[in-house]
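Fold and contact review
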Amino acid sequence: MHVNITLSKVIEKLPSRFNASHAGDLQAVFQFELEDADAFFIQIQASQCQTHLGTHPDPSITLFMDEATLLRVISGEQDGMSAFMKGQLRAEGNVMLATRLGKLFSAAS
């Protein structure tokens, strides 16, 4: 794993890696509930992306995992579907949105 990837860097960098062309007219809130770190959410609206610490009152989908799993998925070290199949990631809400996350954000460089 890339040692320099931290949760705070991920939250800070996500908006700059947002692919608005893949979002279309998507309006969604992706809530991340981490077992061992602060919760945060990604809000996508009007082809814009914002990240916020905390819990959104009405997310479209909530993803449950630990920080290490999130960082592995973000870095490309682990596929999100693999994490789900291994029980490392759980989703509630509009689970089809989870399949769009990879296309909405470019890979870390």
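Further up the page is the structure itself.
Residues numbered from 1 in each chain as written. Predicted model: local features only at pLDDT ≥ 70, side-chain atom pairs only at ≥ 80, totals over all residues. Heavy atoms only, no water.

This paragraph deals with the nonpolar core. One finds Phe30, Phe32, Phe40, Ile42, Ile44, Leu104 and Phe105 to be the most contacted residues of the largest nonpolar core, which totals 27 residues. Elements that contribute at least two residues to this core include exactly α1 (7–13), β1 (28–34), β2 (40–45), β4 (61–65), α3 (67–75) and α5 (101–104). Ranked by residues supplied to this core, first place goes to β1 with 4 residues. Leaving out residues up to four positions away in the same chain, Leu104 has contacts with Arg17, Phe18, Asn19, His22, Ala23, Leu26, Phe30 and Ile44. (Core = buried A, V, L, I, M, F, W, Y, C linked by side-chain atoms within 4.5 Å. Buried < 20%, exposed > 50% of the residue type's maximum accessible area, 1.4 Å probe, protein only. Helix = DSSP H or I, 4+ residues; strand = E, 2+ residues; numbered from the N terminus. Contact = heavy atoms within 4.5 Å.)

A few words on the packing of aromatic side chains. Applying the stated criterion to the full structure yields 2 aromatic pairs. Taking the centre distance of 5.8 Å and the plane angle of 55° together, the rings of Phe18 and Phe105 count as tilted. Taken together, the positions of Phe18 in the loop between α1 and α2 (20–23) and Phe105 in the segment after α5 put the pair 87 residues apart, joining distant regions of the chain. The exposure class assigned to Phe18 is buried, which follows from its relative accessible area of 12%. (Phe/Tyr/Trp six-rings, centres within 6.5 Å; stacked < 30°, edge-to-face > 60°.)

The next thing to look at is the environment of His56. By the element assignment, His56 lies in the loop between β3 (48–53) and β4. Placed 26 residues apart in sequence, His56 and Phe30 show a C-alpha to C-alpha distance of 8.8 Å. Apart from the residues lying within four places of it in its own chain, the contact partners of His56 are Val29, Gln31, Phe41 and Gln43.

Turning our eyes to something else, we now look at the side chain of Gln78. By the element assignment, Gln78 lies in the loop between α3 and α4 (80–85). A distance of 2.8 Å separates a polar atom in the side chain of Gln78 from a polar atom in the side chain of Arg72. A polar side-chain atom of Gln78 sits 2.6 Å from a polar atom in the side chain of Gln88. For Gln78, the residues in contact, after removing those within four places along its chain, are Thr69, Arg72, Val73, Ala83, Lys86 and Gln88. (Polar contact = N/O pair within 3.5 Å; in protein donor to acceptor, adjacent residues only side chain to side chain.)

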